[in-house]
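Chains, contacts and geometry: an overview
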Amino acid sequence: MLRRFARLEPLARWIGVEHSPVSHGERLLSGCGGFLGIVGILIVSQDLGISAQLLILASMGASAVLLFAVPHGALSQPWPLVGGHLLSAAIGVASYRWVAQPQLAAALAVGVSITVMHYLRCLHPPGGATALIAVIGGPDIHQLGFHYLLYPVGLNVLLILSIAILFNAALPWRRYPVAWARPQQVPDHPLALQHDDLAAALSEIDSFIDVDEDDLKLIFSLAEKHARERRARSRRR
């Protein structure tokens, strides 16, 4: 049986099956956090029409995955969350108002949002959905105009951000925002890492990390190379 799974390993890596060694408790906590976040969104979005409410929930549901399942990820931090949603909302409303062709407006809203988020360093994938909703959300969304940024988007973003901060603060091994994480001491002398070392480190972190083992090895290798070059330069001085 194990041999069969071993044969599937190349296929699993190729299609992107993650091997993050996260505990069952951590996975369940992520789900509980997402549940609480969406309950809050449902409460504050009751004034919207049902179709608009469902669309907003789809966008915020994607944010909930990042904030509660990947709280230490770069795309989950407060600036990507707030900036990504609000900027994308503004771009979406502008695209709907200023581009007459709906299909072009929808595509433009998403494309421009991605570009702006990249340049302003607030890349947040659900922001693309927020921009798209401003174009295809129907009358309940369109009548809001640029107020769409404040309600429902702005209010929902602040609510889910607050829930994420409070929820993760109660768990000592989680820190959100990640800037609250305690700095880890790095050994002065790099060691030759093996698979078991990386697996043990990831298990100790006990949180999904959007980096696979090969990326970690590459990062360590490049960092070690940089350290050697830095030491060589200091010796020549």
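Brief notes about helix α4 (residues 78–98)
- End to end, α4 covers 30 Å across 21 residues, agreeing with the expected 30 Å (1.5 Å per residue, within 8%).
- Here α4 has its buried residues at P80, L81, G83, G84, H85, S88, A89, I91, G92, V93, A94 and S95.
- Where α4 is buried, its residues touch α3 (50–69), α5 (102–119), α6 (126–136) and α8 (150–169).

Here we look at the side chain of S113
- Among the secondary structure elements, S113 is positioned in helix α5.
- If near-sequence neighbours (up to four positions away) are discounted, S113 is found in contact with S88, I91 and A131.

Here's the deal with the nonpolar core
- If you look at the biggest cluster of nonpolar residues, it comprises 27 residues, and the most contacted ones within it are L67, F68, L81, Y148 and I160.
- A per-element tally of this core places α3 first, with eight residues.
- With residues near it in sequence (within four places) discarded, L67 still touches S76, L81, H124, I160, L161, A164, N168 and Y176.
- Among the nonpolar cores identified, the runner-up in size contains six residues, and A105, A106, A131 and V135 belong to it.

With respect to the packing of aromatic side chains
- Under the definition given, this model contains one aromatic pair.
- Considering the side-chain rings of F68 and F167, the 5.7 Å spacing of their centres and the 80° angle between planes classify their relative orientation as edge-to-face. Of this pair, F68 sits in helix α3 while F167 sits in helix α8, placing them 99 residues apart in sequence.
- For F167, a relative accessible area of 15% translates into the label buried.

Some remarks on unusual backbone geometry
- Y151 connects to P152 through a cis peptide bond whose omega is 15°.
- Relative to the elements of secondary structure, P152 occurs in helix α8.
- A cis amide bond, omega 0°, links Y176 with the succeeding residue P177.
- One non-glycine residue, R121, lies in positive phi territory at about 55°.

Topic: the side chain of N156
- Along the chain, N156 falls in helix α8.
- With relative accessibility at 0%, the residue N156 sits in the buried group.
- Those residues in contact with N156 that lie beyond four places of it in its chain are I41, V44, S45, I56 and M60.

Procedures and definitions
By convention here, each chain's residues receive numbers from 1 onward along its written sequence. In keeping with the predicted nature of the model, local features appear solely for residues at pLDDT of at least 70, side-chain atom pairs appear and are counted solely at 80 or more, and the whole-chain, interface and lining totals rest on all residues. With hydrogens and water excluded, all non-hydrogen atoms of the structure serve as input to the side-chain values. By the criteria applied, helices consist of DSSP H or I runs no shorter than four residues and strands consist of E runs no shorter than two, each listed in order from the N terminus. Multiplying 1.5 Å by the helix residue count minus one yields the expected span of that helix. Between buried and exposed lies partly exposed: a residue is buried under 20% and exposed over 50% of the maximum accessible area for its type, with that area taken using a 1.4 Å probe on protein chains only. The contact criterion used is simple: two residues touch if any of their non-hydrogen atoms lie within 4.5 Å. Only buried Ala, Val, Leu, Ile, Met, Phe, Trp, Tyr and Cys residues count toward a nonpolar core, and they belong to the same one when joined by side-chain atoms within 4.5 Å. Think of it this way: a Phe, Tyr or Trp ring, Trp meaning its six-membered ring, pairs with another when their centres are within 6.5 Å, and the plane angle makes it stacked under 30 degrees, edge-to-face over 60, tilted otherwise.

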